Amino acid sequence: MSKKYKFLVLNGPNLNLLGIREKSIYGDFTLDDLIEKIYSNFDNRLDLVNFQSNSESDLIDRIHESYKSIDFIVINPAAYTHTSIAIRDALMAVSIPFIEVHISNIHKREAFRHNSYLSDIAVGVICGFGTDGYVYAVESGINYLKNLEKR
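Residues numbered from 1 in each chain as written. Predicted model: local features only at pLDDT ≥ 70, side-chain atom pairs only at ≥ 80, totals over all residues. Heavy atoms only, no water.

A. Looking closely at the nonpolar core. Ranked by size, the top nonpolar core spans 26 residues in total, and within it F7, I38, V74, Y134 and V138 carry the most contacts. For this core, the secondary-structure elements that each account for two or more residues are β1 (5–11), α2 (31–42), β2 (46–52), β3 (72–76), β4 (98–102) and α5 (132–150). Per-element accounting of this core gives the leading share, six residues, to α5. Setting aside anything within four residues of it in sequence, one finds V138 in contact with F7, I38, F42, L46 and V74. Counting residues in hydrophobic clusters, the runner-up holds 18 residues, among them V49, L59, I70 and L91. (Core = buried A, V, L, I, M, F, W, Y, C linked by side-chain atoms within 4.5 Å. Buried < 20%, exposed > 50% of the residue type's maximum accessible area, 1.4 Å probe, protein only. Helix = DSSP H or I, 4+ residues; strand = E, 2+ residues; numbered from the N terminus. Contact = heavy atoms within 4.5 Å.)

Take a look at the structure:
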């Protein structure tokens, strides 16, 4: 069996309302459904830590707590994507590789959603594939870490 990586799946504001809010954009999946989907795809290859908060300071604290205990972060910062230099600074401070994920295609939405404070420091960005984007992000994160080990 190959190494199990420890991933943090970090979800920002209003993602606790998945399955309720704007179903035409976000679908019927709940946050619990999303986490179960990740577990079911990667349970043998991954130790998963899941955290959601509507509070910027809670998200930053969780990033700080991840230092030296998490191998990779999958983050959907939600609205903080477009506003939070503090989350950017926290991710840079801990130097944990991460992928930015968005359920919707932020580039097909309002102009203010086209800017991200995280994209240029992320390993990659996945948007517009619904909750499958999280699965793609985890798979890509595992491959990224395996490639680092080969160096």
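Continuing now.
B. Helix α4 (residues 85–94), seen in detail. Within the sequence span of α4, burial applies to I87, R88, A90, L91 and V94. All buried residues of α4 lie within an arc of 160° about the axis, which places them on one face of the element. Looking at the buried positions of α4, the neighbouring elements they touch are α3 (56–65), β3 and β4. Near the N-terminus of α4, the side chain that reaches the backbone nitrogen of A86, with its oxygen 3.5 Å away, is that of S84. (Arc of directions from axis to C-beta. Polar contact = N/O pair within 3.5 Å; in protein donor to acceptor, adjacent residues only side chain to side chain.)

C. Examining the sheet that holds β4 more closely. Spatially, β2-β1-β3-β4-β5 is the arrangement adopted by the five strands of the open sheet, whose pairing is parallel. The open sheet has two edge strands, β2 and β5 (124–127), and neither has a second partner. The average angle at which neighbouring strand axes cross in this sheet is 20°, direction not considered. (Pairing = 2+ DSSP bridges. Axes fitted to C-alpha atoms, helices over the stretch in contact; angles between N-to-C directions.)

D. Spatial organisation of a negative patch on the surface. Together, D32, D33, E36 and D43 make up a negatively charged patch on the protein surface. Turning to its location among the elements, D43 is positioned in the loop between α2 and β2. Relative accessible area serves as the criterion here: at 44%, D43 is assigned to the partly exposed category. (Patch = residues over 30% accessible without salt bridge, like charges linked within 9 Å, V, L, I, M, F, W, Y side chains within 5 Å. Areas by Shrake-Rupley, 256 points an atom, 1.4 Å probe, with all protein chains shown as cover. Salt bridge = Lys/Arg side-chain N within 4 Å of Asp/Glu carboxyl O. Lys, Arg positive; Asp, Glu negative; His and termini not counted. Charge placed at Lys NZ, Arg CZ, Asp CG, Glu CD.)

E. Spatial organisation of the pairing of β1. Among the seven residues of β1, six are classified as buried, and the element is accordingly described as predominantly covered. Pairing analysis gives seven bridges linking β1 to β2, with the strands arranged parallel. Of the residues in β2, the one forming a bridge with Y5 is L46. Examined bridge by bridge, β1 and β3 share five bridges and lie parallel to one another. Bridge pairing in β3 links L8 to I73.

F. How the structure looks around the UniProt feature "active site" (unreviewed entry) in the protein. Residues annotated by UniProt as "active site" (unreviewed entry) correspond here to Y26 and H102. A maximum C-alpha distance of 9.8 Å is found for the annotated residues, which run over 77 residues; spatially they form one tight group. Judged by relative accessible area, which is 12%, Y26 ranks as buried. Counting through the fold element by element, H102 comes out in strand β4. For H102, a relative accessible area of 4% puts it in the buried group. (UniProt positions renumbered as here; feature names shortened; annotations may be inferred.)

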